[in-house]
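Residue-level structure breakdown
The chain contents come next:
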Amino acid sequence: MALPILDAGRKRKRSPKLFEFQKFAEPCNPISPTGPFRDNIRVFLRDCAVLEDLKIQGNPTWCTLLFHETKSFVVPLYTIEEDVKNSQQPFCDHCRCSGWSNNFVSKRKYHMIIPTDRQWNKPLEDDLFDLNTHLLHGLIHCNGFGHLICINGIEGGSRYLCGREIMDLWDRICSNLRARKITVEDLSKKRSMDLRLLYGVSYGHSWFGRWGYKFFRGSFGVTQHNYDRAIEILSSLELDQIVEDFGNTTQCIEIKKIVRHYRNMSETQLTAINDLLRFMLTVKSCAPTQKFATVTGSSSSSSEKPLKNIVMHNVIQEKSVKYKRYSTVVAKLDSRWPARRLQSAAEVIVEALKEKKADKYSAGGMSRQDVRDAARMHIGDTGLLDYVLKSMNNVVVGNYVVRRAVNPTTRVLEYTIHELNNGAWVPGPEPAMEISSELLPNPSMVPGADAYNDIAFLYTNVLLNYPKSGLVEIARQVILDSKRFVKEWPFRDEPELIFTFSCQLLPSLLDSDAHLTRGLPPPEIVMVPLHATVFDLKRAVETAFRDTYCSFEKFVVGEIEDLEEMVDTESLFGAVESGGELYVRGSTGVDSETRLRYEGGDDNWKVRCECGARDDDGEAMVACDICEVWQHTRCCGIEDAETVPPLFVCPGCCDSLIPTRAKSCNEFDSCDDLLLTTEANYGEDVQFFENSVGMLQGSVSVV
């Protein structure tokens, strides 16, 4: 097998070194750094990467080549060192949404990226940081705090790497370079199922929990206790009770079949839904049981074989083809056009193909350009047509199957259309193909044929649509609102020939009111040799903060708590213990005027939502135009698809507009009643309330 990246490697200034993918970043392979992350990353770039000629947004770029021995291909791992002072986005939105707004702005960000495999031999683009199609994109600040931004394996379009392999690599890199905390926003899906819900119910943790990522921060005020309780409620649903609760529904028979099938397969007793799902996730899907439709009617030959035999013969001869309804395909597409427009465009294309097929003087299919031209008579958006044509192959639209293939004679890509008869394939001059069960009306599930289909059925019906259970619904929403997880590597004390300290800046160095609202930033890791003096320790602390943070370039240490009585020339050995936390006060050099102070930026916007949120969690919010306090749009009754009103007044400010002697807003049937009451009580002052309530009736959203 050819190694796709090696040709690009030969163009480099020096021959690239290959590292084994499965073992890269294991202890002592290829490096064994012992310092903090800010030092280890430099060792990594020096020893394990080659500096590229190109720059991304003006930032230097390195490449590490990883050879996958079992699959025989080479993966490029790019590392980009982003200079924050010259960056287009110096502040970190991931830190802000993770509750790290109080972290000092680091001088450097390190992006580690494996592009999608189709881009391995192409030059990197300047918009690299904004793409979410990378197989791996991790960002680590030079202080060791970072974020796993995206990971895409086979489910995300990769032809070579699965998500588990990529995640193993990322975890080894973080551990080897001594990252401190890494967050991830878990939006991963499999067959349209949210894995944080599926794995949370099955295993008690998210998919990322296999690598030590734990609940960190929930949206909409969800706490650790809420999350744990929700997991407990859903995972303990008893299977017999589920069957009983679904007794009056159409899904009851299928749920019974699934439960019975996997209970018979399991050697242990399956009692609750987590037992069943966990067992199903370990079962390898069997090949689907072939189900074929029969065609009734007269035959041109008495010796003609039944359709079942024809299909069975052709399945043996060639690889089976599955047909899916286009509505199912559309639901999985990440498109800028709504599903309704995509479906409508597909129907126009089908009509064009039907007209072509009805023309008795024409034969064969239609070329892509001909289909496009015919559809443009009804749809002017050529971008939409190109997108739909690209996604139409072996799909069902209405009662027709649309196929796409290269004409062996003309070598031109052609689209053909074939009619379904009661959901079954009508054989024509082409060989009949295997029919997906999705083509059959009201299919009867065969438990065990495809374990993931069975899991998806239980996920949709039991976890998402449990009948008449508010508790299950609330628990499900709590888990879905718990998206941010974190892995923390413990503070490591080096046992040999070195002092390691965690140095915390005291509040006197911070703005008097800023540290009260933001909290203290995390401490910094500092290392000095065993023979170091107090003076050496102070210089090491100064160097660490100057090298790491934008606002500490001229930082000078004044004193260190518990060491005030010692003179600078005294040795640390015997006076302090390695691995402890030191509290540092500074005298000068902290730039309190720079805008690059905190990762949360300069804005001191307030969040106070009825769900309990007191900080930005990345969800959609709206600010009150009177008190300027931010709240979630969802908590304010504004749906995601709705437009946020141009003027918004929160409940507190709405109440303050009404005199205490009048009734509250909720006691009035209409704003007219409110005006009448106000006029009776306040006479000439009614104009003020009339203007206020008039605004509320117009473009203001009142909750």
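Just above, that's the structure.
A brief structural summary. In this text the structure is predicted, and so the values were computed from the model without any measurement.

Section: the overall build of the chain
Assigned secondary structure in the chain consists of 21 helices and 27 strands. Sequence-distant contacts in the chain: of pairs separated by 6 or more residues, those separated by 24 or more amount to 67%. For the chain, the exposed area adds up to about 36100 Å²; of that, 49% sits on carbon and sulfur atoms.

What about unusual backbone geometry?
With glycine set apart, most residues show a phi of negative sign, and most peptide bonds adopt trans. With phi around 65 degrees, Cys28 is a residue other than glycine that occupies positive phi space. Examined against the element boundaries, Cys28 turns out to sit in the loop between β1 (18–20) and α2 (37–48). Its relative accessible area of 59% is what places Cys28 among the exposed residues. Of note in the backbone geometry, Gln57 takes a positive phi value of approximately 50 degrees without being a glycine. Looking at where Gln57 falls in the secondary structure, it is placed in the loop between β2 (50–56) and β3 (59–68). By relative accessible area, which is 25% here, Gln57 ends up partly exposed.

Quick notes on the packing of helix α5 (residues 195–203) against helix α9 (residues 273–282)
Running from amino to carboxyl end, α5 crosses α9 at an angle of 110 degrees, the nearest separation of the two axes being 7 Å. One finds that α5 runs roughly perpendicular with respect to α9. Of the two possible hands of crossing, α5 and α9 adopt the one that is left-handed. Counted together, Leu198, Val201, Ser202 and Tyr203 of α5 and Ile273, Asn274, Leu277, Arg278, Leu281 and Thr282 of α9 form the full contact between these two elements. Split into classes, the residues belonging to the contact of α5 with α9 amount to 6 nonpolar, 3 polar and 1 charged.

A few points about the pattern of salt bridges
This structure, assessed with the given rule, holds 34 salt bridges. We note a salt bridge from Arg484 to Glu185, for which the minimum N-O separation is 3.8 Å. Residue Arg484 is found in strand β18 (residues 484–488), and its partner Glu185 is found in strand β8 (residues 181–185); the two are separated by 299 residues along the sequence. For Glu185, a relative accessible area of 34% gives the class partly exposed. Across the pair Asp194 and Arg196 runs a salt bridge whose closest N-O atoms are separated by 3.4 Å. Across this residue pair, the class does not change: Asp194 and Arg196 are buried. By sharing partners, the salt bridges in this structure join Asp39, Arg42, Arg108 and Asp547 into a single network.

Side note on the packing of aromatic side chains
Enumeration according to the criterion identifies 26 aromatic pairs in this entry. Where Trp120 meets Tyr160, the ring centres are 5.5 Å apart and the plane angle is 25 degrees; that geometry is what we call stacked. Residue Trp120 is located in the loop between β5 (108–114) and β6 (136–141), and its partner Tyr160 is located in the loop between β7 (145–151) and α4 (163–177); the two are separated by 40 residues in the primary sequence. With a relative accessible area of 2%, Trp120 lands in the buried category. Feature note: the residues Phe104, Phe545, Tyr549, Phe552, Phe555 and Tyr598 constitute an aromatic cluster, connected by ring pairs. Sitting above the plane of the Tyr452 ring, Lys190 keeps its charged end 4.8 Å from the centroid. Over the aromatic face of Phe220 sits the side chain of Arg634, whose NZ or CZ is 3.6 Å from the ring centroid.

A few points about the sheet that holds strand β23 (residues 606–607)
Pairing within the open sheet is mixed, and its 3 strands lie in the order β23-β25-β24. One side of each edge strand has no neighbouring strand; the edge strands of this open sheet are β23 and β24 (621–623). One ladder, built from 2 bridges, connects β23 with strand β25 (residues 629–632); its direction is parallel. The residue of β25 that forms the bridge with Lys606 is Val629.

Observations concerning the nonpolar core
Counting 89 residues, the largest nonpolar core has Phe24, Phe44 and Trp170 as the members making the most contacts within it. Of the residues forming this core, the biggest block, 9 residues, is contributed by helix α15 (residues 451–463). When near neighbours in sequence (up to four residues on either side) are disregarded, Phe24 contacts Phe19, Asn29, Pro30, Phe44, Cys48, Thr64, Leu66, Leu77, Leu169, Arg172 and Ile173.

A look at helix α18 (residues 534–548)
Here α18 contains 15 residues, and its C-alpha end-to-end distance of 21 Å stays within 8% of the 21 Å for a straight helix at 1.5 Å per residue. For α18, the complete set of buried residues consists of Val534, Leu537, Lys538, Ala540, Val541, Glu542, Ala544, Phe545, Asp547 and Thr548.

Here we look at helix α14 (residues 382–391)
Buried within α14 are the following residues: Leu384, Leu385, Val388, Leu389 and Ser391. The buried residues of α14 occupy an angular sector of 165 degrees when projected down its axis, which confines them to one face.

Brief notes about the environment of Asp168
By the secondary structure assignment, Asp168 is in helix α4. Along the sequence, Asp168 and Arg210 sit 42 residues apart, while their C-alpha atoms lie 9.9 Å from each other.

Some remarks on the side chain of His147
Mapping His147 onto the fold places it in strand β7. We classify His147 as buried; its relative accessible area is 1%. One polar contact links His147 to Thr183, side chain to side chain, over a distance of 2.7 Å. Contacts of His147, omitting those with residues within four sequence positions, involve Cys92, His94, Cys95, Ser98, Trp100, His137, Gly138, Leu139, His141, Trp170, Ile182 and Thr183.

Focus: the packing of helix α13 (residues 368–375) against α14
Where α13 contacts α14, the two axes come as close as 10 Å, and the packing angle between them is 135 degrees. In terms of orientation, α13 and α14 fall into the oblique class. Where α13 crosses over α14, the handedness of that crossing is right-handed. Taken together, the residues of α14 that come into contact with α13 (itself represented by Arg368, Val371, Arg372 and Ala375) are Thr382, Leu385, Asp386 and Leu389.

Topic: the pairing of β3
Of all the 10 residues making up β3, 8 are buried; the element is thus mostly covered by neighbouring parts of the structure. The pairing of β1 with β3 spans 3 bridges and is classified as parallel. For Glu20, the partnering residue across the bridge sits in β3 and is Phe67. Pairing of β2 with β3, which is carried by 4 bridges, proceeds in the antiparallel orientation. Counterpart to Lys55 in the pairing with β3 is Pro60. Joining the antiparallel neighbours β2 and β3 is a turn of 2 residues, in which Gln57 adopts a positive phi near 50 degrees. Where β3 folds back on strand β4 (residues 73–83), the antiparallel hairpin that results is connected by 4 residues, among which Ser72 adopts a positive phi of roughly 60 degrees.

Description of a negative patch on the surface
The grouping of Glu125, Asp126, Asp127 and Asp130 at the surface amounts to a negative patch. With respect to the secondary-structure elements, Asp130 resides in the loop between β5 and β6. Residue classification places Asp130 among the exposed residues on the basis of a relative accessible area of 57%.

Brief notes about the environment of Lys55
In this fold, Lys55 is placed in strand β2. Judged by its relative accessible area of 54%, Lys55 is exposed. Distance from Lys55 to Glu125, taken between C-alpha atoms, is 9.4 Å for residues 70 residues apart in sequence. Among all residues touching Lys55, those that are not within four sequence positions of it are Pro60, Thr61 and Asp126.

Cut-offs applied
- Residues numbered from 1 in each chain as written.
- Predicted model: local features only at pLDDT ≥ 70, side-chain atom pairs only at ≥ 80, totals over all residues.
- Heavy atoms only, no water.
- Helix = DSSP H or I, 4+ residues; strand = E, 2+ residues; numbered from the N terminus.
- Contact = heavy atoms within 4.5 Å.
- Areas by Shrake-Rupley, 256 points an atom, 1.4 Å probe, with all protein chains shown as cover.
- Buried < 20%, exposed > 50% of the residue type's maximum accessible area, 1.4 Å probe, protein only.
- Axes fitted to C-alpha atoms, helices over the stretch in contact; angles between N-to-C directions.
- Parallel < 35°, antiparallel > 145°, perpendicular 65-115°, else oblique.
- Left-handed = near helix turned anticlockwise from the far one by under 90°.
- Nonpolar A, V, L, I, M, F, W, Y, C, P; charged D, E, K, R; others polar.
- Salt bridge = Lys/Arg side-chain N within 4 Å of Asp/Glu carboxyl O.
- Phe/Tyr/Trp six-rings, centres within 6.5 Å; stacked < 30°, edge-to-face > 60°.
- Lys NZ or Arg CZ within 6 Å of the ring centre and 35° of its normal.
- Pairing = 2+ DSSP bridges.
- Core = buried A, V, L, I, M, F, W, Y, C linked by side-chain atoms within 4.5 Å.
- Expected span 1.5 Å × (residues − 1).
- Arc of directions from axis to C-beta.
- Polar contact = N/O pair within 3.5 Å; in protein donor to acceptor, adjacent residues only side chain to side chain.
- Patch = residues over 30% accessible without salt bridge, like charges linked within 9 Å, V, L, I, M, F, W, Y side chains within 5 Å.
- Lys, Arg positive; Asp, Glu negative; His and termini not counted.
- Charge placed at Lys NZ, Arg CZ, Asp CG, Glu CD.

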